[in-house]
Amino acid sequence: MARKDDGLKHFLLLYASQTGQAKAIAEEIADKAPSYGLKADIFCMSLTDRRFDIQEESCAVFIVSTTGDGEPPDSAEKFYRRIHGITLSPNYLEKLNYALLGLGDSNYIKFSLAARLLEIRLKALSAKPFYETGYGDDAFGIETGVDPWIENLFPALQKFLGVEPTSYNISAFGLLKTNESVKNFSMFSIESLSEEKIENLTIKDLPSLLKDFEIEKINVPKLPSPALAVTFEADKKPTCFVPNECILSSKGSDLTTVRLTGAKKLTVGENVKNTLELSFQFENNSIVYIPGDSFGFICSNSEDEVEALLKRLNVLHHAETPVGLSIPDSVVKKKKLPSHIQSYLSLKDLFTHSIEIRSVPKKILLRILAEYASDVKEKKALLFLSSPVGAKIYTNCIRKHSICVLDILMHYQSCIPPVETLIEYLPFLKPRFYSVASSPLQDNTSFKIVFNVLKFNEEGGRYEDREGVCTGWLQKLSSKFQENTQTYTSTDLSLVNKMSALTLNSLEHNLYIYKRTNNYFYLPADSECPVIMVGPGTGVAPFIGFLYHREKLLVMNNTINNFGETWLFYGCRYSERDFLYKTELERFNSSKVLTHLHVSLSQEAILPSNVTSRYVHESIRQNSDAVVAAIHAGGRIYVCGDANNMVHDVQKAFIDIFETSGMSATEAKSAVEKLQADHRYINDVWA
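Each value, and the rule that gives it
Residues numbered from 1 in each chain as written. Predicted model: local features only at pLDDT ≥ 70, side-chain atom pairs only at ≥ 80, totals over all residues. Heavy atoms only, no water. Pairing = 2+ DSSP bridges. Helix = DSSP H or I, 4+ residues; strand = E, 2+ residues; numbered from the N terminus. Axes fitted to C-alpha atoms, helices over the stretch in contact; angles between N-to-C directions. Buried < 20%, exposed > 50% of the residue type's maximum accessible area, 1.4 Å probe, protein only. Salt bridge = Lys/Arg side-chain N within 4 Å of Asp/Glu carboxyl O. Polar contact = N/O pair within 3.5 Å; in protein donor to acceptor, adjacent residues only side chain to side chain. Contact = heavy atoms within 4.5 Å. Phe/Tyr/Trp six-rings, centres within 6.5 Å; stacked < 30°, edge-to-face > 60°. Lys NZ or Arg CZ within 6 Å of the ring centre and 35° of its normal. Core = buried A, V, L, I, M, F, W, Y, C linked by side-chain atoms within 4.5 Å. Disulfide = S-S within 2.5 Å. Parallel < 35°, antiparallel > 145°, perpendicular 65-115°, else oblique. Left-handed = near helix turned anticlockwise from the far one by under 90°. Nonpolar A, V, L, I, M, F, W, Y, C, P; charged D, E, K, R; others polar.

Colleague: Got a minute to help me understand the sheet that holds strand β20 (residues 566–572) in this structure?
Modeller: Hydrogen bonds between backbone atoms are what pair the strands of a sheet, whose relative direction is either parallel or antiparallel. One open sheet accounts for five strands, arranged β21-β20-β19-β22-β23; its pairing is parallel. Taken across any chain shown, the strands that pair with only one partner, and hence form the sheet edges, are β21 (596–601) and β23 (681–686). Sheet twist, expressed as the mean angle between neighbouring strand axes with direction ignored, is 10 degrees. For β20 and β21, the ladder comprises six bridges, and the chain directions are parallel. Looking at the pairing, W567 lines up with H596 of β21.

Colleague: What exactly am I supposed to notice about helix α9 (residues 363–370) here?
Modeller: The periodicity of an α-helix, 3.6 residues per turn, causes residues three or four positions apart to be oriented the same way. Of all eight residues making up α9, seven are buried, and the element is well covered by its neighbours. The complete set of buried residues in α9 reads K363, L365, L366, R367, I368, L369 and A370.

Colleague: Can you help me understand the sheet that holds strand β12 (residues 294–298) in this one?
Modeller: Taken in spatial order, the six strands line up as β14-β12-β18-β10-β11-β15 in an open sheet, and their pairing is antiparallel. The open sheet has two free edges, formed respectively by β14 (432–435) and β15 (446–452), since each of these has just one partner strand. Strand-to-strand twist across the sheet, computed as the mean angle between neighbouring axes with direction ignored, equals 40 degrees.

Colleague: So what exactly am I meant to see when it comes to the pattern of salt bridges here?
Modeller: Note on pairing: side chains with opposite charge can pair once their charged atoms come close. For the structure on display, the rule yields 29 salt bridges. For K448, the salt bridge identified is with E277, shortest N-O distance 3.9 Å. Taken together, the residues K448 in strand β15 and E277 in strand β11 (residues 275–282) connect sequence positions 171 residues apart. Given a relative accessible area of 32%, K448 falls into the partly exposed group. We note a salt bridge from R516 to D684, for which the minimum N-O separation is 3.5 Å. A residue pair is termed long-range when its members are at least 10 positions apart, and R516 in the loop between β18 (511–515) and β19 (531–534) and D684 in strand β23 qualify at 168 residues. Accessibility expressed as a relative area gives 23% for R516, which makes it partly exposed. On the basis of relative accessibility, which here comes to 12%, the residue D684 falls in the buried class. Through salt bridges that share partners, D49, D53 and R82 make up one connected network.

Colleague: Please explain the side chain of S387 as it appears in this structure.
Modeller: Within the fold, S387 resides in the loop between α10 (376–386) and α11 (391–399). Reaching out from S387, the side chain makes a polar contact with the backbone oxygen of F384 at a distance of 2.7 Å. With near-sequence residues (within four places) excluded, S387 lies in contact with I218, N219, V220, P221 and K363.

Colleague: Mind showing me how you'd approach the packing of aromatic side chains here?
Modeller: Two descriptors summarise a pair of aromatic rings, namely the distance from one centre to the other and the angle between the planes of the rings. On inspection of all chains with the given rule, the structure shows 28 aromatic pairs. Here the aromatic rings of F543 and F546 are separated by 5.7 Å at their centres, their planes lie at 65 degrees, and the arrangement is edge-to-face. One end of the pair, F543, and the other, F546, are both in helix α16 (residues 541–557), three residues apart, so they sit about a helical turn from each other. Judged by relative accessible area, which is 1%, F546 ranks as buried. Geometrically, the ring pair formed by Y548 and F588 is edge-to-face, given 5.2 Å between the ring centres and 85 degrees between the ring planes. With a gap of 40 residues between them, Y548 in helix α16 and F588 in helix α17 (residues 582–590) connect regions that are remote in the sequence. The same class applies to Y548 as to F588, namely buried. An aromatic cluster of at least three residues, connected via ring pairs, comprises F280, F282, Y289, F295, F297, Y434, F447 and F451. Lying across the ring of F428, K430 places its NZ or CZ 5.5 Å from the centre. The ring of Y574 has R577 lying over it, and the distance from NZ or CZ to the ring centre is 3.8 Å.

Colleague: Quick question: what am I supposed to make of the pairing of strand β4 (residues 97–104) here?
Modeller: For a regular strand, the rule is simple: side chains alternate between the two faces of the sheet. β4 sits mainly inside the fold: eight of its eight residues count as buried. As paired strands, strand β3 (residues 59–65) and β4 are joined by seven bridges and run parallel to one another. Bridged to A60 within β4 is Y98. As paired elements, β4 and strand β5 (residues 128–129) share two bridges and run parallel to each other. Of the residues in β5, the one forming a bridge with N97 is K128. In the sheet, β4 pairs with strand β6 (residues 134–137) via four bridges, with the strands oriented parallel. Across the sheet, G104 pairs through a bridge with D137, a residue of β6.

Colleague: How should the nonpolar core be read in this particular structure?
Modeller: Note that soluble globular proteins tend to have their nonpolar side chains buried in a common cluster. By size, the foremost hydrophobic cluster in this structure holds 62 residues, and its most contacted members are L206, L309, F351, L382, I398, I408 and I423. Considering each element in turn, this core owes the most residues, five residues, to α10. The contacts of I398, once residues within four sequence positions are left out, are I203, V360, P361, L385, I393, I403 and I408. By size, the runner-up hydrophobic cluster in this structure holds 33 residues, among which are A437, M533, F588 and V593.

Colleague: Can you help me understand the state of the cysteines in this one?
Modeller: Here, disulfide denotes a covalent bond that connects the sulfur atoms of two cysteines. If you walk through the whole model with that rule in mind, you get zero disulfides. Distance from the sulfur of C299, which forms no disulfide, to the nearest cysteine sulfur (C470) is 4.2 Å. By relative accessible area, C299 is classed as buried at 2%.

Colleague: Would you take a moment to explain the environment of V531 for this structure?
Modeller: Tracing the sequence through the fold places V531 in strand β19. Here the alpha-carbon distance between V531 and L594, two residues 63 residues apart in the chain, equals 9.6 Å.

Colleague: I tried to follow the packing of α9 against α10 on my own but got confused; where do I start?
Modeller: The packing of two helices is summarised by the inter-axis angle and the distance between the axes. Across the interface, α9 lies against α10 with an axial gap of 8 Å and an inter-helix angle of 155 degrees. Here α9 is positioned roughly antiparallel relative to α10, judged by the angle of their axes. Our pair here, α9 against α10, has a crossing hand that is left-handed. Within the contact between the two elements, α9 uses K363, L366, R367, L369 and A370 and α10 uses K379, L382, L383, L385 and S386. Broken down by class, the residue content of the contact of α9 with α10 amounts to six nonpolar, one polar and three charged.

Colleague: Any chance you could explain unusual backbone geometry here in plain terms?
Modeller: With glycine set apart, most residues show a phi of negative sign, and most peptide bonds adopt trans. One non-glycine residue, S126, lies in the positive phi region at around 80 degrees. One can find S126 in the loop between α3 (113–124) and β5. Using a relative accessible area of 22% as the deciding quantity, one classes S126 as partly exposed. In this structure, Y581 takes a positive phi of about 60 degrees despite not being glycine. Its place among the elements puts Y581 in the loop between β20 and α17.

Structure below.
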């Protein structure tokens, strides 16, 4: 590829992005490169053969996300197919020197698998790394790993491309050489703080803590020029919100609308989560689904939070006014309008439906917010948080507590940014996915989902209590259906009729959903194959769908002899407060639709006589011989639930039971990894 002679050393910068994160990081690298005497030729991987030829490149930087079950993003499929061609020689990429950044979530077993597989293939084709591979981990905050990797990438590029290493960055109050000493931070230094002190810091503490900090002695990100202009078009009629297809990650169907037809509260009493089951009816076009599928819901932000945010920005009086977006003439770089925002939505609808106002603000946004803080102490705090020196404090004060822009603005009252800044720098409102807890054999025009209403207390810098974005939204929509649900039964016809009569017609918008691509999380085609299900809490949802489906198939076949064993390892806190689907599971068990039901109760003072474990991983070990036999008979393992601890504990339990059966530790680990590689051990987990 021909390079423009602009006095800068060029390198190829490729990104593979599913939700826009990898693209944003690549753009950040491209923006910073000129201050190091470098120029990034930046392309999406989908443009292979059209805008670049990887075989002819000598220096490339890859930013790669992982999606689905460890696959590369859709935009990278062509590139991956290209470099995996069986006719390529082992020296195909011998000219190429590369750096690689993988993005993912270590709560998932196949963390950054797409990046790791890319590196294996690059090396197999004789490409050589000039800089160590980095990983951004959503479980600990993407920027915790990404920021230092980017910071050290530029010296590595300078060395490889032969650029003088001394360069200039913009500090808070002027130019500062990157090789100047930044020790002796006046009366304050990070090193003086204990781990406990850092652990307990909140954004409320920082202005006072940093009041004597010499902010001019550290590097902060260069202040970007505004690239988006907002006009209020009072003479136009606001458009109605319709989701843009560009936000639909892992899309397995077209968008359709559904109406809410019922809700049940599944938990009672204290010390348990508020768990709801919602029923939906497809409005026009039904989506063909199978048990194990999940639907993405196009949700909305809290009306109260949107109003509070617009009020803080001093634009609440424009809430109902249509918004026009444009790129200012002063913007030199080619920019595009945000594709996730419709033209002429009202300002309120734009912030309600299109923007993730709860997202953790990136450092570049904090840098920009500092410009609009009139209080010196608040300005210092925002500049410090945006700097490399403040990375640890950023992680503990912002990332750890999921602090959002509204939290910052409520605590830093002198900061009043223009509304276009938030529209430009906050990401789009992502769909939320929920597993189907029903079978189309029951009714292919409807489905059910189960979820906990997430609660976040006013602590750690959050300015007030709040619920999860989507779970709180669904809770509010379904509140009218939840009357008397404590006494609801399937024979309570008066309540059934009452609930059926209620629809969402009175609401201002439909519910939009679509099906997520499902590669492996479904019942085996061979009905005789043993099925081992692990689903504590709401992780039981897809298995309820499995079992209803199996029940209908048994009725249709009129025999149980053609069906393999089914195991369910289920866990909750109490037997009478949050044992989800207790009646249904016991019925499935007695009818042999579910061959083995093993329940774990984590918080019961005294376990009932028929319960022998507190946690599902203990229960798996207690049944090791039978479970290993089922696996050797061709069984498939399905794990669904919260990824924070459960998924790792369960995987360790399966490794342990293989050891118990006579394998060495290495053989046992390899056996589980092979099951995963063969898609006989499948996870559907969330952080």
